[in-house]
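Working through the structure, step by step
Spelled out, the chains give:
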Amino acid sequence: MVDVTEKEMDNPTFRSDTVLSDVHLHCPNKRHLMVRLNAVGQPVFLSYFKFLWNTEDSASGKHVREIAAGREHQYKSGDGLYDEDRNSMKKERELNSEGVEALLDDDGDLEVVRRPRSASDSEAEDLLRDIVCPVILMKGREDASEDEEQECTCSDVVKIEHTMATPLEDVGKQVWRAAFLLADYILFKRDTFRCCSVLELGGGTGITSIIMGTVAKRVYCTDVGEDLLAMCEQNIALNKHLMEPGGGEVKVRELDWLKDEFCTDPEGPFSWSEEEIADLHDHCSVIMAADVFYDDDLTDALFRTLYRITHNLRKSCTVYLALEKRLNFTLRHMDITCEAYSHFRSNLNDLENLQDGNIKYTVEPIKVDFCQFLIYERIEQL
């Protein structure tokens, strides 16, 4: 929803009050269970995101199967195609598209079939149409269906509590595509990250840290805001079964980019201990961040934090940054631009050209043609 106010007729000001992530819409016919309201009254949903690999092979430690390029989401191994998963995804696509088209009239307008008040039960059954998802459920844990209870223990599902619409300052509570992209890369290069010590900046719901926790030794998942960090910690607990086989550990900690020091307040629930700060500086070799470049001031603050932390590391470190280029029409340019991305690139160039005798930064782009392991739309703007 966008509110428009006019100070003067020739000087309109646009203010966006609500930001909506559409990641949950790319899981057709999946239920999104509303589990609670958070501390600020926002609905919190629980969603299940399925891994696109064979469960038995992944549990036995075999390398993840290669997924074919494109949006077909077909994948194969030396033993051939996994027909069951492929057919399942095909049915999902058909339900998502044909289910909507079936409700349109000749002009493309939505034609809703309603149940007549006088219809008998037998007649009404013939008038029921297919359910078009997403479906939002409100149930307690004791009312969970048998399927959901079985799904909770699967090793090929990651469970995430998140919101679907928030003000701009709370977008970390939503799930974004770049987090899935970075998670895909971690799974594709799992041997690269095995037994590493990792820091995530702006971890949000924690989905990327959870995936990293399946292969890394220790992950510090950081963000700011007690409500957000509590949600992140809940997601870590929900997916403990994914990390236990590899012995990975994910710690949720506060890290405010607008402050120069770690939060060490002993009264704070997500504060750092002196031992943890020392462990980070001594052992961290990977830093990652996904979809955190949407505000110029925060982008500047992140790069300052990135420089400060890497400057204190004892080991050489690789930083992985994933983002989605969001195109917007601006009145200033009277054209479609991507100002947030341009500002990010400017900061990245400054960091690479930084003249520092103690440390050197090298920037390398990664081609986004690696295997896809989670169901989402890998758009070209990623």
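For the structure itself, look to the data block above.
In this text, all values refer to a predicted model and were calculated from it rather than measured experimentally.

Broken down by element type, the chain carries 12 helices and 18 strands. Burial statistics for the chain: of 382 residues in total, 43% are counted as buried. Within the structure as shown, the chain displays about 21,700 Å² of accessible surface, and the carbon and sulfur contribution to it stands at 48%.

With that out of the way, let us pick up the packing of helix H11 (residues 296–311) against helix H12 (residues 339–352). Closest axis-to-axis distance for the H11/H12 pair is 10 Å, and the angle between their directions is 25 degrees. By the angle between their directions, the pair H11 and H12 is classed as roughly parallel. H12 is crossed by H11, and the crossing has right-handed handedness. For the pair formed by H11 and H12, the contact residues are Asp296, Thr299, Asp300, Phe303 and Leu306 on the first element and Glu339, Ala340, His343, Phe344, Asn347, Leu348 and Leu351 on the second. When its residues are assigned to classes, the contact of H11 with H12 shows 6 nonpolar, 3 polar and 3 charged.

It is worth spelling out the nonpolar core at this point. In this structure, Val158 and Met212 are the most contacted members of the largest nonpolar core, which totals 47 residues. The dominant element in this core, judged by the number of residues it contributes, is helix H5 (residues 177–188), at 9 residues. Every residue in contact with Val158, bar those within four places of it in the chain, is listed here: Ser47, Tyr48, Phe49, Phe51, Ile207, Ile210, Asn239, Leu242 and Leu374.

Each full turn of the α-helix corresponds to 3.6 residues, which orients residues three or four apart in the same direction. Under the 1.5 Å per step criterion, the end-to-end length of H11 is 23 Å for 16 residues, consistent within 8% with the ideal 22 Å. Where H11 is concerned, the buried positions are Thr299, Ala301, Leu302, Phe303, Thr305, Leu306, Arg308, Ile309 and Thr310. Sitting at the head of H11, Asp295 places a side-chain oxygen 3.1 Å from the backbone nitrogen of Asp297.

Attention now moves to the pattern of salt bridges. Evaluation of the coordinates by the stated rule reveals 15 salt bridges. Three or more residues joined by partner-sharing salt bridges are found here, namely Arg177, Asp291, Glu324, Arg326 and Glu377.

Take H5 next. Over its 12 residues, H5 extends 17 Å from the first C-alpha to the last, a length consistent with the 16 Å expected when each residue adds 1.5 Å. Summarising burial for H5: 11 of the 12 residues are buried, a large majority. Here the buried face of H5 lies against strand E5 (43–50), helix H6 (190–193), helix H7 (207–213), strand E15 (284–290) and strand E16 (318–322).

Structurally, the position occupied by Ser47 is in strand E5. We classify Ser47 as buried; its relative accessible area is 0%. Looking at Ser47, its side chain comes within polar contact range of the side chain of His162, at 2.8 Å.

Analysis parameters
- Residues numbered from 1 in each chain as written.
- Predicted model: local features only at pLDDT ≥ 70, side-chain atom pairs only at ≥ 80, totals over all residues.
- Heavy atoms only, no water.
- Helix = DSSP H or I, 4+ residues; strand = E, 2+ residues; numbered from the N terminus.
- Buried < 20%, exposed > 50% of the residue type's maximum accessible area, 1.4 Å probe, protein only.
- Areas by Shrake-Rupley, 256 points an atom, 1.4 Å probe, with all protein chains shown as cover.
- Axes fitted to C-alpha atoms, helices over the stretch in contact; angles between N-to-C directions.
- Parallel < 35°, antiparallel > 145°, perpendicular 65-115°, else oblique.
- Left-handed = near helix turned anticlockwise from the far one by under 90°.
- Contact = heavy atoms within 4.5 Å.
- Nonpolar A, V, L, I, M, F, W, Y, C, P; charged D, E, K, R; others polar.
- Core = buried A, V, L, I, M, F, W, Y, C linked by side-chain atoms within 4.5 Å.
- Expected span 1.5 Å × (residues − 1).
- Polar contact = N/O pair within 3.5 Å; in protein donor to acceptor, adjacent residues only side chain to side chain.
- Salt bridge = Lys/Arg side-chain N within 4 Å of Asp/Glu carboxyl O.

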